[in-house]
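Understanding the architecture of this molecule
Chain residues, written in single-letter form:
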Amino acid sequence: MKRTKIKDLFTSPELLGKEVCVMGWVRTRRGNKHVQFVALNDGSSVKNVQIVFDLAKFSEDDLKAITTGSSLKVDGILVESMG
């Protein structure tokens, strides 16, 4: 799948509901025992995209290596934030 820049996620409403591939660096990671949130930035925008990891699909051990400054490639469905 072709990479989509994070700035394009915010300027292309036709991407909502579609599968996208983003790559970037972890700014922050937070969460609880059910879900983990990662703020990802690729330098194309000052805005971050929030990646949501459902811990029913990913183990805590899988996500342990994701720390601030880590680089990630994420494939997933783009959804609009409820906030």
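As a reminder, the structure under discussion sits directly above these lines.
Below or above, wherever it landed, is the structure these notes cover.

Conventions used here
Residues numbered from 1 in each chain as written. Predicted model: local features only at pLDDT ≥ 70, side-chain atom pairs only at ≥ 80, totals over all residues. Heavy atoms only, no water. Pairing = 2+ DSSP bridges. Helix = DSSP H or I, 4+ residues; strand = E, 2+ residues; numbered from the N terminus. Axes fitted to C-alpha atoms, helices over the stretch in contact; angles between N-to-C directions. 1 Å grid on protein atoms, 1.4 Å probe; cavity = no way out; pocket = protein on both sides within 12 Å on 5 of 7 lines; lining within 4 Å. Points joined across faces, edges and corners; volume = space filled by probe spheres on them. Nonpolar A, V, L, I, M, F, W, Y, C, P; charged D, E, K, R; others polar.

Sheet strands pair via backbone hydrogen bonds, and the direction of the pair is either parallel or antiparallel. Taken in spatial order, the four strands line up as 3-2-1-4 in an open sheet, and their pairing is antiparallel. Edge strands, defined here as strands with exactly one partner in the open sheet, are strand 3 (49-54) and strand 4 (71-77). Strand-to-strand twist of the sheet, defined as the mean angle between neighbouring strand axes without regard to direction, takes the value 50°. In this sheet, strand 3 lies alongside strand 2 (residues 35-41) in antiparallel orientation, the contact comprising six bridges. Bridging across to strand 3, Gln36 finds its partner in Phe53.

Space inside the largest pocket adds up to approximately 860 Å³. What lines the largest pocket is a set of 26 residues, and nearest its centre among them are Val49, Gln50, Ile77, Leu78 and Val79. Secondary structure elements with two or more residues in the lining of the largest pocket: helix 1 (6-11), strand 1 (19-31), strand 3 and strand 4. Take the lining of the largest pocket: its biggest share by element is six residues, from strand 3. Residue classes in the lining of the largest pocket are distributed as 16 nonpolar, six polar and four charged.

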